Every structure is written in structure tokens, then in C-alpha cells.
Amino acid sequence: MRALHLVDVFATERYAGNQLAVVESDGSLADAEMQAIAAEMGFSETTFVESAAPEGARVRIFTPEAEIPFAGHPTLGTAHVIRERLVEGRPDRVVLDLDVGAVPVDVRRTDGADTLWMTQRPPTFGETLDHAALGDVLSLDEAALDRDWPVQVVSTGLPTIVVPLANRAALEGIDVDRAAYDRVTGDREAKNVLAFCPDPRHDANDLAVRVFAPALGVPEDPATGSSNGCLAAYLARHAVLGSGHVAARVEQGYELGRPSLVHLEAVDRGQTVDVEVGGRVIDVARGELL
């Protein structure tokens, strides 16, 4: 039997945010077994902790359809489980050894609550894409996209196509056209599409986003730390919020009934952009895999 932990990540309360299953694995599970467990869970991702040393915990991440080298909410959620359940002393830093490399996660107080912050890998800024092509993917006319800013592939470990929209009506009107999505993503490594607008529901927040990755078995994701890290880098590099220094609150998941809050910090230093993504993690359940 293997211990199983369920947590909600980027949540402000239980049963919100993005669900994550964390399996205590000693490294003896075959790849096919891990993939089958992830499909059985049916969450955006399931993680497998193969070793739990806080200075370098080996972790693998699976969507229902594929293993991926990095993802944000699994990184934070798994670091929380390791800190609270698998090591002694509740350390304020846990470093995850992921396929993308070492990703440190730190605990600090944000908005009066313990919040986990991951330092993402230095971003790469890839090609810019045609606004109209992404309008077709999202079933939006061209006026719904904000042409003041580029549609661009950005990666901090998992490439994302970042799409600026004019307003929240456009964001809420998205209906992904799978054929158009496959045409755009088919020969590209980037399978995540993040659409954002500067028109959040709550005055305390700065942006609203939606993220889609049907090629990975995730039609829509309620909270996406990796793609939001790409967004943070994009916002800083293009000074979308007025400068190259970003401190933003992002809401996601409302269309799925899973309201989520993602904290972004980024600083454009010219040669690179420093990116941190933070959020709360809330325990939901513990059990065993039979």
C-alpha cells in the first residue's frame, strides 16, 4: 500500500483552487503504473515522491495522458506535503528535483497566511504568433484580442502560448476549437494556452486568466502555476502593467467553479527575468492506494 494525499493548491478555502494527488512512491513504480494512477485520479496532474529529502526531493509529474517535466501547482502542493508529512521540522524551504531541474519552494507570510512560493527557472521568450490564429483557437473575433501586446510562446520549464485579451467578456466567451488548437500546437512544444485580461472580478486582484491544454488531457485548468510563471515573465518583459517589476494577484478557475488565487512576482533584469509564483495549499484528504 502507498500513502496518498489530496490537496487544493492556489486555494483560498477547501474545495477551491486546483486539485492535486500526491503519491508516496519509493521509486519502485513503473512508468506505466504511474501513468495509470494519474489517469485514474483524473486531476490535471498527479505527483509521485520518489525521495523526500528537503534539500532535494525527487518528484515526477503526470497528467492523465503524459509525464511532464514541470508544472506549478504540483510543485507547490507536493512541497507542502513533503514539508508537513514526510520530513521533520517543517522546513521553510523544500527543493524539488524535477525533470526540468531543481526548483526551490519557500514558505512566507502573504496576506496574513502561510503561502508557498516557487522560484521558477529563467524564462525563455520564443516566437510570436498571429493574433488571428489564436482568435480561431479560442473562437473569438480579432477585436477580442488586445493587439497592443504580442501573442508569444514563453517558457519557465513548460512552454505556454500567452494570449492578451481586451476584456473579461472575451475571456468568458472562450470556446476552444480543437481543430484550430491542434493546427497551432501540433508541431510546437507549447501545448498550454493562457489567455489573460486586465479585468478581474475582484478589486483586490489585477488580472483574470484561463488556461487550456487539451493535448495533455486537460481541457481547462483551474489554476496553473507554470503558465502563470510564463505570464509573469511576459508581463515584466513587455512592461504590460507599467514597468518591468511585477507584483500581481491573478484569479483563475471561476468558469470551472474552482476559484483560484495566484500570486506573481517578476523583475526584468535585462538578460533574464526573475520569476516567483505563490499560492496557498490546503489539505483535503489522506489515504492509501491499494
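Residues numbered from 1 in each chain as written. Predicted model: local features only at pLDDT ≥ 70, side-chain atom pairs only at ≥ 80, totals over all residues. Heavy atoms only, no water.

### A look at the nonpolar core
And step 1. The biggest cluster of nonpolar side chains holds 56 residues, and the ones touching the most others in it are Phe196, Leu231, Leu235 and Leu264.
And step 2. It is helix H6 (residues 225-238) that provides the largest number of residues to this core, a total of 7 residues.
And step 3. Leu129, Leu134, Val163 and Ala170 belong to the second largest nonpolar core, which has 24 residues in total. (Core = buried A, V, L, I, M, F, W, Y, C linked by side-chain atoms within 4.5 Å. Buried < 20%, exposed > 50% of the residue type's maximum accessible area, 1.4 Å probe, protein only. Helix = DSSP H or I, 4+ residues; strand = E, 2+ residues; numbered from the N terminus.)

### Some points on the environment of Ala21
And step 1. Looking at the secondary structure, you find Ala21 in strand E2 (residues 18-24).
And step 2. Taking the C-alpha atoms as reference, Ala21 lies 5.7 Å from His5; in sequence the two are 16 residues apart.
And step 3. Every residue in contact with Ala21, bar those within four places of it in the chain, is listed here: Leu4, His5, Leu6, Met41, Phe43, Glu45, Thr46 and Thr47. (Contact = heavy atoms within 4.5 Å.)

### Looking at the pairing of strand E15 (residues 245-252)
And step 1. Here strand E13 (residues 207-213) pairs with E15 via 2 bridges, running parallel. Note on E15: the bridge partner recorded for Leu207 is Val250.
And step 2. Judged from the 8 bridges that link them, E15 and strand E16 (residues 260-268) form a sheet pairing that is antiparallel. Across the sheet, Val246 pairs through a bridge with Ala266, a residue of E16. (Pairing = 2+ DSSP bridges.)

### A few points about empty space enclosed by the protein
And step 1. Overall, the coordinates contain 1 cavity of 30 Å³ or more when judged by the stated rule.
And step 2. Counted as a void, the largest cavity has a volume near 90 Å³.
And step 3. Elements with a contribution of two residues or more to the lining of the largest cavity: helix H2 (72-86), strand E14 (218-221) and H6.
And step 4. Partitioned by chemical class, the residues of the lining of the largest cavity number 8 nonpolar, 7 polar and 2 charged. (1 Å grid on protein atoms, 1.4 Å probe; cavity = no way out; pocket = protein on both sides within 12 Å on 5 of 7 lines; lining within 4 Å. Points joined across faces, edges and corners; volume = space filled by probe spheres on them. Nonpolar A, V, L, I, M, F, W, Y, C, P; charged D, E, K, R; others polar.)

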